[in-house]
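Read off the chains here:
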Amino acid sequence: MKRFWTYVFIALILAGLVSIGLFAGRFVVYLSMRVLILSIFALGYNLLLGRTGLLSFGHAAFYAGGAYGLGLISIHVTTNPLLGIIVGVGLACIMALVIGFFCVRHTEIYFAMLTLAFGMMVFSLIWNLREVTGGDDGLVGIVRAPISLGFASIPITKTSHYYFFVLFCFILTVALIYLIRRSPFGLVLSGIRENDRRIEFAGLSVRNYRLAAFVISGTFAGLAGALGALLESNANPFSAHWSHSAEPILVSLIGGIQTFTGPVVGSVVFILLREIIERFTQNWMLWFGLILLIIIMGLRGGVVGGVAQLFRRKRSHVAKSGGNR
Amino acid sequence: MNAPLLEIKRLSKAFGRVIAASNIDLTIDPGVLTSIIGPNGAGKSTLINMLSGSLPVDSGRILFQGADITHLPIHHRVRMGLCRSFQVVNIFPDLTVFDNIQIPVLAVHKRARRLFRPVAREAGVREEVSQVLDRVGLAAEAQTVASALSHGDQRLLEVGIALAVRPRLLFLDEPTAGMNPVERVRVLENIRGLSEEGKTTFVIVEHDMDIVFSLSDRVVVLHHGVIIGDGTTEDIQKSARVREVYLGEEVMT
């Protein structure tokens, strides 16, 4: 019975997302895409934060890796976005592997500071390599050419067409992360969060599993970056800035880092709030900070965790476990 | 066939000026339930930490089934069949009892790297987890979150996690610390039963003399990082040197 309602819920959400693409105005579609892209970024990120407990400040670098990988291919090689995305995601993956190799040797604040340091290095590289990256201008004029698969070609030039491509990538990400969380690998990651010493005594190398989680989250950041560059038609150097790394952290915290849907809900809240507050005031950060304060202090476990707790209290029976909400 | 399971050769460790292990030579044979005893600060924990890989050695060699493991990382030693349990409860508190056991079993079955297959579909793993839970007597609590268990049951789970990696040699660090008498008897029965099965050789570090003398085939006494007694329980009870530094205190009080 419970499963039935879950399916109904998922179907409703999907119907809503599809109808946005079909009927909504350009601005709503654009905003929805930003939510979806941020969700991809945060879903991947939360595999690292929520599951292994590692706080990274360097994921903007992988996002930028995806964006610049796509941009360079699009400008110099082919405008076919599929190759650009593959190269962008691949570049982010390799960057995560190299940077992660050094970072996962440490934990907690040392890990966080190392990721921050690497993130800053990537940012200044992008900033200073003018010939390759365009420096402070970024890479401009990335076109959304049709995705050609050889036998068919899908146009994504129009915003509403591109929306469905982003939606497809989003659903793919949700499915993959869901599978990973339920897999043996996902269980081991939970074990690392709970007690990393004990994982070693279960015969598993904590370092390798941390690195794997880091690379997976970096790869999804690259996908988000590539999609973002196609959306904005440029690759922006500030997407590599460490302050951009805070976005998936905030979003995961708002939604709830111990929940599966938390990063998605957090992305919706983040983009909408920002959009609404910016209408009224220039210093949106002040108001946003206040709202964040209320959410974090008032709702333990984020919006999703908090709501789930309310429901549980109402039904006053303990669900058998909260592994995958 | 009775090659030693573990050979320790001239193992030494010092923390500053405190000597925790001084040229320890020790051999552990398969199937012999050994206890390591000694007063506080004798170097028992240091020895276990060095053997299981938590602590680097200063000098000396550790051979496990003939292979040099002196500098191997913890998880390699565990894969080879050398594991330990802990004095303080060291479990995965927010996971269910079943998942607590499942993690090491997945590691043994080399399934822990599977990314996209639901863990629920690993039938062989699930079966073995149930077996381990039966052995430690926690089958009824399989779906309980570990932190909700009683202290004694958490200790049992602790031993269960260590057993789940199918160790050839298992160090139990004060396995009954903080247990009530009923739980204590259950654990001891368990250890004796498992030891008689012969798959795992147990080495127990214990304070409680009753446990040591009722359970062990062999007792090793440590004092200031040196082995001062090694033999059957009767040998140790008779040994004048052991009485002097260790049992003496107990006899007098």
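Residues numbered from 1 in each chain as written. Chains lettered and ligands numbered in written order. Predicted model: local features only at pLDDT ≥ 70, side-chain atom pairs only at ≥ 80, totals over all residues.

As for the overall build of chain A
- For chain A, the count of helices and strands is 14 helices and four strands.
- The C-alpha atoms of chain A give 20 Å as radius of gyration, which agrees with the globular expectation for 325 residues (20 Å, within 12%).
- By its C-alpha atoms, chain A is 60 × 50 × 50 Å across when sized along the principal axes. (Helix = DSSP H or I, 4+ residues; strand = E, 2+ residues; numbered from the N terminus. Rg over C-alpha atoms; globule rule 2.2 N^0.38 Å.)

Digging into the overall build of chain B
- Across its full length, chain B holds nine helices and ten strands.
- Considering only C-alpha atoms, chain B reaches an extent of 60 × 40 × 40 Å along its principal axes.
- Put simply, chain B has 253 residues, and 42% of those count as buried.
- In chain B, of all internal contacts separated by at least 6 residues, the share reaching a separation of at least 24 is 65%. (Buried ≥ 20, exposed ≤ 12 C-beta atoms within 10 Å, placed from the backbone. Contact = placed C-beta atoms within 7 Å.)

What about the environment of A:Asn234?
Residues and elements named next belong to chain A.
- Along the chain, the position of Asn234 falls in strand β4 (residues 234-235).
- Taking the C-beta count within 10 Å as the criterion, Asn234 has 18 such neighbours and is therefore assigned partly exposed.
- For the pair Asn234 and Ile142, spaced 92 residues apart in sequence, the C-alpha to C-alpha distance is 5.6 Å.
- When near neighbours in sequence (up to four residues on either side) are disregarded, Asn234 contacts Gly138, Leu139, Val140, Ile142 and Ala229.

Observations concerning unusual backbone geometry
All names here are of chain A.
- The phi dihedral of Ser233 is positive, around 60°, even though this residue is not glycine.
- Within the fold, Ser233 resides in the loop between α10 (206-232) and β4.
- Classification of Ser233 by C-beta neighbours within 10 Å gives partly exposed; the count is 14.

Let's talk about the interface of chain A and chain B
- Chain A puts 22 residues into the contact, and the matching count from chain B is 34 residues.
- Taken together, the elements giving at least two residues each to the side of chain A that touches chain B come down to α7 (159-182), α8 (184-194) and α9 (196-201) of chain A.
- A total of seven residues in the side of chain A that touches chain B trace back to one element, the largest contributor, which is α8(A).
- Within the side of chain A that touches chain B, the residues separate by chemical class into nine nonpolar, seven polar and six charged. (Nonpolar A, V, L, I, M, F, W, Y, C, P; charged D, E, K, R; others polar.)

Concerning the pairing of strand β2 (residues 18-28) of chain B
- By the bridge criterion, seven bridges tie strand β1 (residues 6-15) of chain B to β2(B) in an arrangement that is antiparallel. Paired with B:Phe15 across the bridge in β2(B) is B:Val18. (Pairing = 2+ DSSP bridges.)

Observations concerning the sheet that holds strand β4 (residues 59-64) of chain B
All names here are of chain B.
- Read across the sheet, four strands follow the order β2-β1-β4-β5 without closing on themselves; strand pairing throughout is antiparallel. Edge positions in the sheet fall to β2 and β5 (67-68), since each of these pairs with one other strand and no more.
- Pairing between β4 and β5: two bridges, direction antiparallel. Paired with Phe64 across the bridge in β5 is Ala67.

Here's the deal with the packing of helix α2 (residues 26-52) of chain A against α10(A)
Residue and element names in this part refer to chain A.
- Close contact between α2 and α10 brings their axes to 9 Å; oriented N to C, the two are set at 170°. Taken as axis vectors, α2 and α10 run roughly antiparallel relative to one another.
- When its residues are assigned to classes, the contact of α2 with α10 shows 17 nonpolar, five polar and two charged. (Axes fitted to C-alpha atoms, helices over the stretch in contact; angles between N-to-C directions. Parallel < 35°, antiparallel > 145°, perpendicular 65-115°, else oblique.)

A few points about the sheet that holds strand β7 (residues 169-173) of chain B
Residue and element names in this part refer to chain B.
- Taken in spatial order, the six strands make up an open sheet running β6-β7-β8-β3-β9-β10, and their pairing is mixed. Of all strands in the sheet, those bounded by a partner on one side alone are β6 (82-84) and β10 (226-231). Pairs of neighbouring strands in the sheet enclose a mean axial angle of 20°, with direction left out of account.
- Strand direction decides the pairing type here: β7 and strand β8 (residues 201-205), joined by five bridges, are parallel. When the sheet's bridge partners are listed, Phe171 is paired in β8 with Val203.

Considering helix α11 (residues 242-255) of chain A
- Residues of α11(A) that are buried: A:His244, A:Ser245, A:Glu247, A:Pro248, A:Val251, A:Ser252, A:Leu253, A:Ile254 and A:Gly255.
- A:Gly256 sits one or two positions beyond α11(A) and adopts a positive phi of about 120°.

Notes on the nonpolar core
Residue and element names in this part refer to chain A.
- Core analysis: the largest hydrophobic core is formed by 159 residues, its most contacted members being Phe41 and Val188.
- Top element by residues in this core is α10. It accounts for 15 residues.
- When neighbours within four sequence positions are excluded, Phe41 is seen to be in contact with Tyr63, Phe220, Ala221, Ala224 and Pro248. (Core = buried A, V, L, I, M, F, W, Y, C linked by C-beta atoms within 7 Å.)

So, the confidence of the model for chain A
- For chain A, the average pLDDT comes to 87, and 96% of its residues sit at 70 or higher.
- In the model, residues 317-325 of chain A has pLDDT below 50 throughout and makes twelve contacts with residues more than four positions away in sequence or in other chains. (pLDDT = per-residue confidence, 0-100.)

Quick look at the pairing of β8(B)
Residue and element names in this part refer to chain B.
- Buried residues dominate β8, accounting for five of its five residues.
- With three bridges joining them, strand β3 (residues 34-37) and β8 adopt parallel strand pairing. The residue of β8 that forms the bridge with Ser35 is Ile204.
- Each parallel crossover has a hand, and the one from β7 via helix α6 (residues 181-197) to β8 is right-handed. (Right-handed = clockwise from strand over helix to strand, strands pointing away.)

As for the environment of B:Leu172
All names here are of chain B.
- Counting through the fold element by element, Leu172 comes out in strand β7.
- In the structure, Leu172 is positioned 149 residues away from Asn23 in sequence and 23 Å away in space, judged by C-alpha atoms.
- Beyond its immediate sequence surroundings of up to four residues, Leu172 is in contact with Ser85, Val159, Phe202 and Ile204.

Some points on α2(A)
Residue and element names in this part refer to chain A.
- Between the first and last C-alpha of α2 there are 39 Å, a value that for 27 residues agrees with the 39 Å anticipated at 1.5 Å per step.
- Along its length, α2 shows its largest kink, about 35°, at Asn46.
- Burial within α2 is extensive, with 21 of its 27 residues counted as buried.
- Two residues or fewer after α2 comes Gly53, characterised by a positive phi angle close to 75°. (Expected span 1.5 Å × (residues − 1). Bend = angle between axes of the 7 residues up to and from the residue.)

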